[in-house]
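Given next are the chains, with one letter for each unit.
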Amino acid sequence: MCGILGILLADENAHVNQMLFDGLTVLQHRGQDAAGIVTSEHGRLHLRKDNGLVKDVFQTHHMIDLRGNFGLGHVRYPTAGSSSCAEAQPLYTNYPHGVCVAHNGNLTNAQELADHCRNEIGRHINTDSDSEVLLNIFADSLIKEKNKGNDMVENIFSAVENVMSSCKGGYAGMYLINGIALVGFRDPHGIRPIVMGTRKSPTIDGKTDYIFASESVAIDTLGFDLARDLDPAEAIVITMDGQVHTRTCLPADKISLTPCIFEHVYFARPDSIMDGVSVYESRLKMGEKLAYQIIEKYPDHDIDVVIPIPDTSRTSAVQAAYILGRPYREGFIKNRYIARTFIMPGQETRRKSVRLKLNTIKSEFAGRNVLLVDDSVVRGTTATEIIQMARDAGARKVYMTSAAPPIRYPNIYGIDIPTRHELVAYERNEAEIAEKLGCDWIVYQRLNDLEDSVNEAGECSDQCELLILNQLVFIFSLVFLSVHSNQCGQNCSSTAYETSCFSGTYVTGESIDDEYFTKLHDLRNDKAKLQQLESTGAAQAAKAGMPPGSHNGCENLQNDRRGADRG
């Protein structure tokens, strides 16, 4: 799971550095492992990336150096590769033109493609990152198309077509082609999200600025208007002179819209809109359907109060409390200066961080039967600690409910759910899960109810109509090469969703018994992650008492002068 951002300003003398910084800060919830920005200034690239939060990676002297009207930004949590800052993005290759990539998702055939790059097309792959593979396949394809003597825009589309034909998995991304174009693209199943926005240039009359982002909230925050989501298998090429070109890069029989439903459950901010659906509205629906299921299973329930586990579950908890006719209360106070536990590597790290992250308001628990509402229960470490905290605060009974169904399978499209054996719901029913977690009972969302929640939230609402209007203005003002009908996200009728972590069905055709899943387990289980972390140069340097720096493979395109100029 990552956050990506790309901006092209019409004014060549303007700078995107502050906008990229602000946009990445808004997308920080999508990844806290590393951050990076690359900008293009009259043909010269400036890159800064490192491990850490956005506010820590970019200091004033970095921002001064990140000049230019054209750039990419990225926040990362590693689901493929390692935590080395060499794998922080954007990634760069100098030939042809100077190409950078910012990518969100996961390629399931990354190893096969890396071997192809090394052995057949002679391109060096220096890391284990699938994003580097995505970059090199595009760059090699662009060279081959360029040698045919075609128009540059056609060359770019042909290169993206080759990328989509070669790469399996779920991905959305952007290419910065130095001095030529900004390119946004989305995988053939639309699994990972990417949206486009526009605004009138504040400095040049009649010109337009453009933005791509993982979530619409970044577009809103930066003062752009949301145009639309990219379609599955679509690429949009915006050239330096502001011309917009769009194309569907694969035949219709290889394309289907199956966006990741976990975006609505957990990842996305509630104020985002994805494929025409308000995340906030979908979470209200989840809470509503959960409440009706509780009434169905436990008509004589003795719930006294409904308490959310902050933050994502609040919206669902409010609606569940309303339907149940029970008071909604804030029983946990969150320390906002600690990482989200679900995306923290290491089970023990997650367990220890829970009590640092949350503290109870004891008066809301004392002597009451409490219903805790969470967005999802993954490994169960956080839920176990929270249930115990509720009991320690004096709760008489503790009931648990999850806005998502039981997670029983790995996710291979960019979510860090790599192995079934670490999942609390693996080979357990609800009663066994409740016993494992230490609660009196647990109710999970039904999968069909979850899908209905998102679809019902997107049924031609006022927001949906606004998106249609924005897109029509966008299309006619730019004279798009192809007209998209009703691009409110195709949610005015039911949309199928990528639900593999609940159902075990993978839209790209993998089977749970494939060797790929065995390799994934070996690479991505908690023990393997800790071993990888301990073996990094940064860890060894820390043990030796050396200060952290850019010697862990995290070089810039121009020298980082922290050591030389600032002692």
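So, the overall build of the chain
Then comes step 1: Across its full length, the chain carries 20 helices and 21 strands.
Then comes step 2: Split into buried and exposed, the 567 residues of the chain put 61% on the buried side.
Then comes step 3: In the chain, 71% of the contacts between residues at least 6 apart in sequence involve partners at least 24 apart.
Then comes step 4: In the form shown here, the chain has an accessible surface area of approximately 22,000 Å², with 49% of it arising from carbon and sulfur atoms.

Details of the sheet that holds strand β5 (residues 91-93)
Then comes step 1: Strand order in the open sheet formed by 6 strands is β5-β6-β7-β8-β12-β13, and the pairing between neighbours is antiparallel. Strands at the two margins of the open sheet, each flanked by one partner only, are β5 and β13 (244-248). Between one strand axis and the next, the sheet turns through 15° on average, direction left out of account.
Then comes step 2: Relative to strand β8 (residues 181-186), strand β7 (residues 169-177) runs antiparallel, the two being bridged by 6 bridges. Looking at β8, one finds that Leu176 is bridged to Leu182.

Considerations on unusual backbone geometry
Then comes step 1: For the peptide bond that leads from Gln89 to Pro90, omega is 5°, which places it in the cis range.
Then comes step 2: Secondary-structure assignment places Pro90 in the loop between β4 (70-76) and β5.
Then comes step 3: Of the consecutive residues Pro310 and Asp311, the connecting peptide bond is found in the cis state with omega at 0°.
Then comes step 4: Along the chain, the position of Asp311 falls in the loop between β16 (305-308) and α10 (314-324).
Then comes step 5: A positive phi is found at His97, a non-glycine position, where the angle reads about 70°.
Then comes step 6: Relative to the helices and strands, His97 resides in the loop between β5 and β6 (99-107).
Then comes step 7: According to the relative accessible area criterion, His97 is partly exposed, its value standing at 30%.

Thoughts on the pattern of salt bridges
Then comes step 1: Under the counting rule described, the total for this entry stands at 35 salt bridges.
Then comes step 2: A salt bridge links Arg247 to Glu154, with the shortest nitrogen-to-oxygen separation between them at 2.6 Å. A residue pair is termed long-range when its members are at least 10 positions apart, and Arg247 in strand β13 and Glu154 in helix α6 (residues 152-166) qualify at 93 residues.
Then comes step 3: Assessed through its relative accessible area of 23%, Arg247 is described here as partly exposed.
Then comes step 4: Each member of the salt-bridge network shares a partner with another, and the members are Arg30, Arg192, Glu215 and Glu263.

A few points about the packing of helix α9 (residues 279-297) against α10
Then comes step 1: α10 packs onto α9 with a crossing angle of 40° between their chain directions and a minimal axis gap of 7 Å. Between α9 and α10, the crossing angle belongs to the class labelled oblique. Two packed elements cross with a definite hand, and for α9 against α10 that hand is right-handed. Residues Tyr280, Arg283, Leu284, Met286, Gly287, Glu288, Ala291, Tyr292, Ile294 and Ile295 of α9 touch α10, and the partners they reach there are Thr315, Ser316, Gln319, Ala320, Ile323 and Leu324.

A closer look at the sheet that holds strand β11 (residues 225-229)
Then comes step 1: Strand order in the open sheet formed by 7 strands is β3-β2-β4-β1-β10-β9-β11, and the pairing between neighbours is antiparallel. Two strands lie at the open edges of the sheet, namely β3 (44-51) and β11, each paired on one side alone. Within this sheet the neighbouring strands show an average axis-to-axis angle of 15°, counted without direction.
Then comes step 2: Summarising the sheet, strand β9 (residues 195-200) and β11 pair through 4 bridges and their orientation is antiparallel. Counted as the bridge partner of Met196 is Arg228 from β11.
Then comes step 3: With respect to the sheet, helix α1 (residues 17-26) is in contact with β1 (2-8), β2 (34-41), β4 and β9, its orientation differing from that of β2 by roughly 160°.

Brief notes about the confidence of the model for the chain
Parts of the model with low pLDDT should not have their predicted coordinates read in detail.
Then comes step 1: When the pLDDT values of the chain are averaged, the result is 87; 82% of them are 70 or greater.
Then comes step 2: Taken as a whole, residues 475-492 scores under 50 in pLDDT and shows 43 contacts with residues more than four places along the chain or in a different chain.
Then comes step 3: Note that pLDDT drops below 50 for residues 544-555; the model gives that stretch 19 contacts with residues more than four away or on any other chain.

Details of the packing of aromatic side chains
Then comes step 1: Taken as a whole and assessed by the stated rule, the structure comprises 14 aromatic pairs.
Then comes step 2: Here Phe138 and Tyr175 contribute two aromatic rings whose centre-to-centre distance is 3.8 Å and whose plane-to-plane angle is 10°, an arrangement assigned as stacked. Here Phe138 is found in helix α5 (residues 130-146), whereas its partner Tyr175 is found in strand β7, with 37 residues between them in sequence.
Then comes step 3: A residue is classified by how much of its surface remains accessible, and Phe138, at 0% relative accessible area, is buried.
Then comes step 4: Classification of Tyr175 by relative accessible area gives buried; the value is 0%.
Then comes step 5: Seen from their ring centres, Tyr399 and Trp441 are 4.3 Å apart, and the 15° between their planes marks the pair as stacked. Of this pair, Tyr399 sits in strand β20 (residues 397-402) while Trp441 sits in strand β21 (residues 441-444); the two residues are 42 residues apart in sequence, bridging distant segments of the chain.
Then comes step 6: Relative accessible area serves as the criterion here: at 4%, Tyr399 is assigned to the buried category.
Then comes step 7: In textbook terms, an aromatic cluster arises when at least three aromatic residues are bridged by ring pairs, as seen for Phe138, Tyr171, Tyr175 and Phe185.

Reading the values: rules and limits
Residues numbered from 1 in each chain as written. Predicted model: local features only at pLDDT ≥ 70, side-chain atom pairs only at ≥ 80, totals over all residues. Heavy atoms only, no water. Helix = DSSP H or I, 4+ residues; strand = E, 2+ residues; numbered from the N terminus. Buried < 20%, exposed > 50% of the residue type's maximum accessible area, 1.4 Å probe, protein only. Contact = heavy atoms within 4.5 Å. Areas by Shrake-Rupley, 256 points an atom, 1.4 Å probe, with all protein chains shown as cover. Pairing = 2+ DSSP bridges. Axes fitted to C-alpha atoms, helices over the stretch in contact; angles between N-to-C directions. Salt bridge = Lys/Arg side-chain N within 4 Å of Asp/Glu carboxyl O. Parallel < 35°, antiparallel > 145°, perpendicular 65-115°, else oblique. Left-handed = near helix turned anticlockwise from the far one by under 90°. pLDDT = per-residue confidence, 0-100. Phe/Tyr/Trp six-rings, centres within 6.5 Å; stacked < 30°, edge-to-face > 60°.

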